[in-house]
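Next come the chains, spelled out residue by residue.
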Amino acid sequence: MAAQPQPAPPAVEARFVDLCKELGLGEGVSGEAAALLDEVKAALLAVPSVGGRSAKDAEKLCFAFVLYCAVKLKGRKEGSGVRLCEILKGCKLKYDDFFKEMQQLGLKIEKILESRYGQDWEGQLELKQLEGLVNLLADASRFYRKAYNELFSNASTDQEPGLATNTPDYILFGWYLFLMLRSRSPELFKDLVSCIHGLVAVLAILLIHVPAKFRCFTIEGSSHLIKQTEKGVDIVASLCHNYHTSEERLKEMMGKSHKAVEDFFGMKALSASKCKTENLDKIDTDGLMCFKGLIDEESFQRNLEKLEKLCNSNSWEGELDLKLFLSNDYVPSAENASGGSTNLGCSKRAFETLASPTKTIKNMLTVPCSPSSPASGGSVKIVQMTPVTSAMTTAKWLREVISSLPDKPSSKLQQLLSSCDRDLINDVTKRVSIVLEAIFPTKSSADRGGSIGLNCANAFDIPWAEARKMEASKLYYRVLEAICRAESQNSSVNNLTPLLSNERFHRCLIACSAELVLATHKTVIMMFPAVLESTGLTAFDLSKIIENFVRHEETLPRELKRHLNSLEEQLLESMAWEKGSSLYNSLIVARPSLASEINRLGLLAEPMPSLDELVARQNFHVEGLPATPSKKRAAAPDDNTDPRSPKRLCNESRNTIAERNLQTPPPKQSHIVSTNLKAKCQPLQSTFASPTVSNPVGGNDKCADVTVQIFFSKILKLAAIRIRNLCERVQYVEQTERVYNVFKQILDQRTALFFNRHIDQVILCCLYGIAKVCQLDLPFREILSNYKREPQCKPEVFLSIYVGSRNRNGVLGSRHVDIITFYNEVFVPAAKPFLVPFITSGSRPEDKKNASSQISGSPKPSPFPNLPDMSPKKVSSSHNVYVSPLRQTKMDLLLSPSSRSFYACIGEGTHAYQSPSKDLAAINSRLNYNGRRINTRINFDMVSDSVVAGSLGQPNGGSTSLDPAAAFSSPSKKRKPDT
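Parameters at a glance
- Residues numbered from 1 in each chain as written.
- Predicted model: local features only at pLDDT ≥ 70, side-chain atom pairs only at ≥ 80, totals over all residues.
- Heavy atoms only, no water.
- Helix = DSSP H or I, 4+ residues; strand = E, 2+ residues; numbered from the N terminus.
- Buried < 20%, exposed > 50% of the residue type's maximum accessible area, 1.4 Å probe, protein only.
- Areas by Shrake-Rupley, 256 points an atom, 1.4 Å probe, with all protein chains shown as cover.
- Expected span 1.5 Å × (residues − 1).
- Axes fitted to C-alpha atoms, helices over the stretch in contact; angles between N-to-C directions.
- Parallel < 35°, antiparallel > 145°, perpendicular 65-115°, else oblique.
- Left-handed = near helix turned anticlockwise from the far one by under 90°.
- Contact = heavy atoms within 4.5 Å.
- Nonpolar A, V, L, I, M, F, W, Y, C, P; charged D, E, K, R; others polar.
- Core = buried A, V, L, I, M, F, W, Y, C linked by side-chain atoms within 4.5 Å.
- Phe/Tyr/Trp six-rings, centres within 6.5 Å; stacked < 30°, edge-to-face > 60°.
- Salt bridge = Lys/Arg side-chain N within 4 Å of Asp/Glu carboxyl O.
- Polar contact = N/O pair within 3.5 Å; in protein donor to acceptor, adjacent residues only side chain to side chain.

A few words on the overall build of the protein chain. The number of helices and strands found in the protein chain is 40 helices and 10 strands. A total of 979 residues make up the protein chain; the buried ones form 53% of that total. In the form shown here, the protein chain has an accessible surface area of approximately 44500 Å², with 50% of it arising from carbon and sulfur atoms.

The end-to-end C-alpha separation of helix H9 (residues 169–184) is 23 Å, in line with the 22 Å expected for 16 residues at 1.5 Å each. For H9, the buried fraction is high: 14 of the 16 residues fall into the buried class.

Turning to the packing of helix H10 (residues 192–209) against helix H11 (residues 235–243), a few remarks are in order. At a minimum axis distance of 11 Å, the contact between H10 and H11 shows a crossing angle of 140°. Here H10 is positioned oblique relative to H11, judged by the angle of their axes. Remark: the crossing between H10 and H11 carries right-handed chirality. Only Ile235, Leu239 and Tyr243 of H11 make contact with H10, whose side of the interface consists of Val200, Leu203, Ala204, Leu207 and Ile208. Broken down by class, the residue content of the contact of H10 with H11 amounts to 8 nonpolar, no polar and no charged.

Before going further, it helps to spend a moment on the nonpolar core. In summary, soluble globular proteins display a tendency toward joint burial of nonpolar side chains. Ranked by internal contacts, the top residues of the largest apolar core, which has 122 residues, are Phe65 and Tyr144. It is H10 that contributes the most residues to this core, 14 residues altogether. Residue contacts for Tyr144: discarding those within four places in its chain leaves Tyr170, Ile171, Gly174, Trp175, Leu199, Val202, Leu203, Leu206 and Leu326.

Turning to the packing of aromatic side chains, a few remarks are in order. Tallied over the entire structure, the rule returns 29 aromatic pairs. Taking the centre distance of 4.9 Å and the plane angle of 85° together, the rings of Phe264 and Phe265 count as edge-to-face. You can call Phe265 buried: its relative accessible area is 12%. Between Phe711 and Phe712, the aromatic rings sit 6.2 Å apart at their centres with planes inclined by 45°, giving tilted as the arrangement. Across this residue pair, the class does not change: Phe711 and Phe712 are buried.

A few words on the pattern of salt bridges. Here the structure, examined in full by the defined rule, presents 30 salt bridges. Here Arg422 ties to Asp427 by a salt bridge, and the two come within 2.9 Å at their closest N and O atoms. Assessed through its relative accessible area of 46%, Arg422 is described here as partly exposed. For Asp427, a relative accessible area of 11% gives the class buried. Here Asp748 and Arg591 are joined by a salt bridge, their closest N and O atoms 3.5 Å apart. There is no split in this pair, since Asp748 and Arg591 are both buried.

Moving on, we come to helix H21 (residues 503–521). The end-to-end C-alpha separation of H21 is 27 Å, in line with the 27 Å expected for 19 residues at 1.5 Å each. Summarising burial for H21: 19 of the 19 residues are buried, a large majority. For H21, the N-terminal cap is Asn502; the gap from its side-chain oxygen to the backbone nitrogen of Arg504 is 3.0 Å. A positive backbone phi angle near 55° is found at Lys522, which sits one or two residues after H21.

On to unusual backbone geometry. Between Phe528 and the following residue, Pro529, the backbone shows a cis peptide bond with an omega angle of 15°. Positive phi values are uncommon outside glycine, yet Lys282 reaches one of about 60°. Residue position: Lys282 is located in the loop between strand E3 (270–271) and strand E4 (289–290). One non-glycine residue, Gln775, lies in positive phi territory at about 55°. When you line up the elements, Gln775 lands in the loop between helix H34 (759–773) and helix H35 (780–787).

So, about the environment of Phe98. By the secondary structure assignment, Phe98 is in helix H5 (residues 95–108). It is 7.9 Å that separates the C-alpha atoms of Phe98 and Ala64, two residues lying 34 residues apart in sequence. If sequence neighbours within four positions are ignored, Phe98 has contacts with Leu61, Ala64, Phe65, Tyr68, Leu84, Leu88 and Leu127.

Turning to its location among the elements, Asn502 is positioned in the loop between helix H20 (497–500) and H21. According to the relative accessible area criterion, Asn502 is buried, its value standing at 2%. In this structure the side chain of Asn502 is engaged in a polar contact, spanning 3.0 Å, whose partner is the backbone nitrogen of Arg504.

The next point concerns the packing of helix H1 (residues 12–23) against helix H4 (residues 84–91). At a closest axis distance of 10 Å, the pairing of H1 and H4 adopts a crossing angle of 130°. In terms of axis orientation, H1 runs oblique to H4. H1 and H4 meet at a crossing whose hand is right-handed. Taken together, the residues of H4 that come into contact with H1 (itself represented by Leu19, Glu22 and Leu23) are Glu86, Ile87, Gly90 and Cys91. In terms of residue class, the contact of H1 with H4 is made up of 4 nonpolar, 1 polar and 2 charged.

Next comes the structure, spelled out in C-alpha cells:
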C-alpha cells in the first residue's frame with residue numbers, strides 16, 4: 001500500500017492568524033494586519049534572487065513588519081497595547097535581525113503603505129529612531145555589566161553569560177534603578193553620554209550601599225579607586241577618572257538619583273558621614289548620601305520586586321522591553337549594535353570599522369592615561385575602543401578643550417571680520433544663534449505645539465540643548481578663525497569678504513560643528529542627516545567643508561575624524577546623488593549636456609531657505625538679521641541655485657579622505673584627472689560661490705567646474721579604495737586597474753548613470769563587466785557574496801536600484817530592480833564602449849567559434865548540426881524531459897556572439913548567477929527525483945519571431961549585426977557621451 005502523502009503545511013494566512021491570536025490582538029487590528037498582509041505578501045515573501053534569505057526567514061520578517069505597521073499606524077489609535085518587543089518575541093527575531101531588513105522591506109511596499117497610511121508612514125513608524133535607541137541601550141548595558149563585574153563579585157561568572165536568570169540581584173537592582181531614573185526624566189537620556197553618567201551614578205550608589213564583602217577589590221591600593229583625599233578615597237573623582245565622566249555632571253546625576261529614590265521608596269537621604277557602616281571605611285564621605293534600608297538583607301528583595309514591577313508597567317518607551325537589555329535575548333550582538341544608528345548611519349556596523357574600508361586604525365587603540373595618574377606611571381595603556389569609550393573620550397575633549405573657549409569670536413577673529421568690506425561681526429554672531437536654535441531647539445514642546453517623542457527634536461532637555469549650542473558655537477568660532485588665517489595666507493585670495501559673507505559656507509561650518517557635538521554625545525533624537533534638514537543644506541553642501549574642517553582643527557580626536565570620514569563616505573557614495581541635491585545645480589553649469597536629463601528627472605535642489613524662514617520655523621524674533629538669499633528673488637552670488645531651473649518635486653529626504661594614505665591606480669588621460677591638481681589649489685570662496693560665477697582665481701572656468709572637479713576627484717579616490725578591496729576579496733587583484741579605468745570613464749562620460757544611485761552599484765557592475773569580457777570564472781553571485789563582507793554593504797544596494805521609466809501617459813515614474821536587471825538593462829548599453837577594449841583576442845567570435853563546446857560540464861553539441869530543428873525533442877528514454885533549442889533567428893535577435901560575453905544571461909544558471917557545474921547537478925538531481933509526480937503539463941508553445949523582434953525594437957524580425965558595438969547601441973540612435 002502506497003504511503004500516504006504528508007499533509008500540506010498550513011497556508012501563510014493561517015500561520016499569520018495563529019500569530020495574531022498568540023499575541024492577543026483585537027479583531028480590528030488583526031483584520032487590518034491581515035488585509036495589509038494580503039496586499040504585500042507577494043512582494044515581501046518572494047525570496048530575493050540575489051543574496052537572499054530563506055523562505056522561513058522571509059516569512060518571519062514579513063509577519064513582524066506587517067504586524068508592527070498595522071499596530072503602530074492604526075492599532076495605537078484603537079488602544080492596542082502590543083509592543084514591538086512582543087511582536088519580535090512571537091516571530092522569534094532579535095532586534096538587529098529586524099532592523100537590518102526593515103529599510104529594504106519598506107522600499108518594496110512603499111506605495112502600498114502610502115496609499116493606506118499617508119506619505120508620513122515612515123515618520124510615524126519611527127524605525128530609525130527605535131534602532132538608534134536599541135543600539136544606545138545595548139551599548140549602555142554592556143558598559144554597565146562590564147563595569148559592575150570590575151567592582152563586584154559575580155556569582156555567574158562561570159555560567160552562561162547574559163542570561164537574566166543567572167544575573168546577581170545587585171546588578172539587576174542597579175539596572176532597574178537606572179531605568180527608573182530614565183522613566184522620570186526621559187529627556188535627559190536621549191544620548192549615550194548622559195546614559196553613561198546615569199550608570200556611573202548608579203555604580204557610585206551601589207559602592208556606598210552594597211556590603212563590602214561583595215566587592216572584588218580592597219580599598220587599600222585599589223586600582224579602581226585611585227583618587228585620594230586626606231579623609232580617604234574619593235569615590236566620585238575615582239569613577240570620573242576611570243570612565244572619563246564629568247565630575248560636576250556626575251554629582252548632578254547622583255542628586256537626581258537620590259531624589260528619585262526618596263520619591264519612589266519613601267526614604268530620606270542621609271549624609272554618609274552620619275552613617276557608620278563597614279561599607280564606608282576609608283572612604284571620604286563628604287558630599288555623599290546614603291539610605292537606610294535600601295539594600296539591607298531584610299528589605300532588599302522587597303525593594304527589588306518593587307522596582308521590577310515599576311519597570312514592567314512603565315511604557316514611556318513602550319515598544320521595547322528595557323529589562324531584556326541586561327541579557328542577550330532579542331538584543332543586538334556586540335558587533336552589530338554599535339555604529340551607524342546614532343549619528344553613524346547603519347545598524348550592522350561596529351564602531352571599530354565605521355563602514356570605512358580605508359581605516360588605518362586597529363580595533364585596539366592606544367589611549368594614553370593622564371600623565372598625572374599614579375596608575376599610569378607615564379606609560380601608555382591599551383584600551384579596547386568601544387562605542388562607550390569613544391563617546392566618553394571625545395566628550396572629555398569637548399569638555400576640556402572646547403568648553404574652555406570664549407563664547408564669542410576671539411579678538412583675532414573679530415579683527416578679520418571687521419576688516420572686510422563691511423563689518424561682519426554682528427552678522428556672524430546672529431547667524432550662529434539662529435542656525436543653532438534650529439538644530440538644538442530650546443523652546444518647550446507646548447510653545448511649538450509638538451509633543452515629546454523619538455522623532456521629535458523638541459524632546460531635548462532645555463539645559464542640555466543650551467549646553468550643546470554653546471559647545472557647537474565655540475567649536476565653530478575656533479575653526480572659522482583657523483580657516484580665515486589659512487585663506488588669508490593663500491596667494492590667490494586678496495579679500496576674505498566673498499567667503500565670509502557667503503551664507504552657505506557659514507551654515508556648512510555651523511552644521512559640521514553641531515554634527516560633531518551630536519556625534520560626541522551619540523544622541524538618538526538628532527541623527528544624521530537631521531542636521532541638514534534643520535539648516536536647509538544638502539549633502540553635497542556639507543561634503544565641501546568636511547576636509548577643510550579636519551585640516552584646520554588639529555586637536556580633533558581620532559574618533560571624530562573617523563566619524564567625519566564616515567559621513568563623507570555616505571555623502572559621496574549616495575546622498576549627494578539623491579534627488580534634490582545641489583550637486584545637480586552645479587552639474588548643469590559644468591556639464592551642460594546633462595541639463596536635459598537632470599531637468600527631465602526633476603533632480604535640481606530647491607533654493608536654500610533664508611534665515612528669516614529659519615526664524616519663522618522657530619517662532620522667535622531676532623533683530624537685525626544678516627541679508628540672506630530668499631526663494632522669492634534671483635539667486636545671489638552665495639546662493640548655490642540657478643533661478644531659471646525648476647525646483648525639485650520630491651519630499652524625500654567615515655578620518656577624512658584627506659587623511660588616507662592609499663594611492664589610486666595610475667590614471668590615464670582624463671578631463672577629471674588633468675584638472676585634479678589645479679582643483680586642489682582652489683580657495684574656499686571658489687568652492688562655495690554660485691555655480692555660474694567665474695572662478696575668481698582666473699581662467700575661463702566657472703566655479704561649478706571647480707566644485708565638480710573636486711567632488712569627482714573624491715569619488716575616484718573612494719571608488720579606487722573600494723575596487724581594490726573588492727578585487728582582493730574575489731582574488732583578482734590584477735583586474736583592479738581595469739575596473740577602475742572603466743569606472744573612471746563612466747564617471748567622466750556617462751555621469752547620468754550615477755543619478756539617484758549608489759556608486760557601489762556601478763562598481764559591482766564594472767567588476768562583473770570586466771569579468772565577463774575577460775572570461776574570468778567570477779559569477780555575480782560570488783561578487784555579491786564577497787561584497788556583503790564589506791563594511792559599507794547594505795542589502796538595498798544590490799536589491800533595489802533605481803530605474804527611471806514612463807507610463808503610457810508619458811508621466812515619469814520609477815521602479816527599483818535588482819543588480820542583474822540593472823546590469824543588463826541599463827549598465828551594459830551605457831558602458832559598452834568602455835568594456836569593448838578589454839575583450840581578449842581569444843574571446844572574439846572569429847577566434848572562438850567552437851570554444852563554448854569545450855567548457856567542462858557543458859552539454860555536448862548535436863552530432864547533426866545541419867539538420868533542421870525538431871522542437872521539442874525528447875532527450876530521456878525514462879523521463880518526460882524535452883529540449884526546445886532556440887531558433888537561430890531568435891538567437892541573433894537576442895545577442896550577437898560577441899555581445900554574449902557582456903550580459904548576465906538568464907540561461908547562465910538554474911539559479912541566479914550559479915555556475916554551470918552546479919546547474920547540471922541541479923538538473924540531474926531533478927531527473928533522478930523519485931518522489932510523487934505532479935500531474936501537470938509543460939507548455940511548449942513557441943514565441944513567435946515577430947514578438948521577440950518587437951520586444952527588442954527590431955522591425956520585421958530582422959537580425960542584429962554581429963559587430964560588438966552594434967549589440968549595445970540604441971535601436972533609434974547612438975548614445976552620445978554626456979560631455
